[in-house]
Amino acid sequence: MEIGDLISLRESVIRKPAELVEIKPVLEDNIPVIRRFTGGGTVIVDHGTIFVSFICNKDDVADVQPYPRPIVSWSSLLYSQVFQGIADFRLRENDFVFGLRKFGGNAQSITKNRWIHHTSFLWDYETRNMSYLKLPKWAPEYRLARDHLDFVCPMKDYISRSDFISRTIDAAGRLFSVESTEFEAVKSSSNVNFTPTSRLLTNQELEAASMIAI
């Protein structure tokens, strides 16, 4: 994998990374593994991954209750505009799919007054990178025990990267006031001290997880 590539694990299952990733090759190839604070599944993160996040006050989106299912259902309506006329887009369980093949995974973090919803879109992927992932013990019914390569599909087969981004901005603009801002500008203008709860797992933690699995 290229420098900067990593594997992202959800917090609720982080005590069992050996059930989710192939620890030995991950360590041998120096693949960073990060624990993120939201829910969702295990994600390969590289140049082919596109992230889209909505950070909202609970009253920002009318009629959406601050619970995972209403939030992901709302987001699927937004993305149905993005993918209108493109393949057979739909929400299956908590995944975005074309037909029966997944290309987007969803995750949320919800507090009393705010929520964040983000989607990891698989615009493209390196086939060899999928070998770092194990078949999870829990999987959606529609997966039908398929391996990763039969279960997922790259968005690039259906839409260009630039077209997807522009369509997403347009769809969001129908609900929110949207303006383009550089990340560094947002970072420098904030007076709030931010302490991230997502963190990189150490090699020692991964090695220990591997020993427990054995």
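Reading guide: rules and limits
- Residues numbered from 1 in each chain as written.
- Predicted model: local features only at pLDDT ≥ 70, side-chain atom pairs only at ≥ 80, totals over all residues.
- Heavy atoms only, no water.
- Helix = DSSP H or I, 4+ residues; strand = E, 2+ residues; numbered from the N terminus.
- Buried < 20%, exposed > 50% of the residue type's maximum accessible area, 1.4 Å probe, protein only.
- Contact = heavy atoms within 4.5 Å.
- Areas by Shrake-Rupley, 256 points an atom, 1.4 Å probe, with all protein chains shown as cover.
- Phe/Tyr/Trp six-rings, centres within 6.5 Å; stacked < 30°, edge-to-face > 60°.
- Lys NZ or Arg CZ within 6 Å of the ring centre and 35° of its normal.
- 1 Å grid on protein atoms, 1.4 Å probe; cavity = no way out; pocket = protein on both sides within 12 Å on 5 of 7 lines; lining within 4 Å.
- Points joined across faces, edges and corners; volume = space filled by probe spheres on them.
- Nonpolar A, V, L, I, M, F, W, Y, C, P; charged D, E, K, R; others polar.
- Polar contact = N/O pair within 3.5 Å; in protein donor to acceptor, adjacent residues only side chain to side chain.
- pLDDT = per-residue confidence, 0-100.
- Salt bridge = Lys/Arg side-chain N within 4 Å of Asp/Glu carboxyl O.

Caption draft 1: Structural view of the overall build of the protein. Counting its secondary structure elements, the protein contains six helices and nine strands. With 214 residues in all, the protein has 39% of them scored as buried. The contacts in the protein between residues at least 6 apart in sequence include a share of 72% that link residues at least 24 apart. Of the accessible surface of the protein, which amounts to about 12800 Å², a share of 52% is contributed by carbon and sulfur atoms.

Caption draft 2: Main features of the packing of aromatic side chains. Taken as a whole and assessed by the stated rule, the structure comprises 18 aromatic pairs. Taking 4.1 Å as the distance between ring centres and 15° as the angle between the ring planes, the aromatic pair formed by F98 and F103 counts as stacked. Both residues of the pair, F98 and F103, belong to the buried class. Among the aromatic residues, ring-to-ring pairing joins Y79, F83, F89, F96, F98, F103, F121, Y158 and F164 into one connected group. For the cation-ring pair, R161 lies above W123, with the distance from its terminal atom to the ring centre recorded as 5.4 Å.

Caption draft 3: Examining the layout of surface pockets more closely. Volume-wise, the second largest pocket comes out at about 1000 Å³. Lining the second largest pocket are 42 residues, and of these G40, G41, T42, D95 and K102 lie nearest its centre. For the lining of the second largest pocket, the secondary structure elements donating two or more residues are β3 (43–45), α2 (68–82), β7 (101–110), β8 (114–122) and α3 (148–151). Grouping the amino acids of the lining of the second largest pocket by side-chain chemistry returns 18 nonpolar, 13 polar and 11 charged.

Caption draft 4: Just unusual backbone geometry, in detail. You will see that E93, though not glycine, has its phi angle at about 55°, which is positive. Locating E93 in the fold gives a position in the loop between β5 (89–92) and β6 (95–98). Phi is positive for L144, which is not a glycine, with a value near 60°. Residue position: L144 is located in the loop between β8 and α3.

Caption draft 5: Up close: the side chain of D124. Considering the arrangement of structural elements, one finds D124 in the loop between β8 and α3. At 3.2 Å, the side chain of D124 and the side chain of K156 are in polar contact. Contacts of D124, omitting those with residues within four sequence positions, involve D46, G48, P154 and K156.

Caption draft 6: Seen up close, the confidence of the model for the protein. Looking at the protein, pLDDT values average 86 and 89% of them are 70 or higher. This stretch, residues 9–15, has a pLDDT under 50; its non-local contacts, to residues over four places away or in other chains, come to 22 contacts.

Caption draft 7: Up close: the pattern of salt bridges. In the structure shown here, the tally under the stated rule is six salt bridges. A salt bridge links D163 to R167; the nearest nitrogen and oxygen atoms lie 3.4 Å apart. Of this pair, D163 and R167 both sit in helix α4 (residues 161–173), separated by four residues, roughly a single helical turn. Overall, the relative accessible area of 27% leaves R167 in the partly exposed class.

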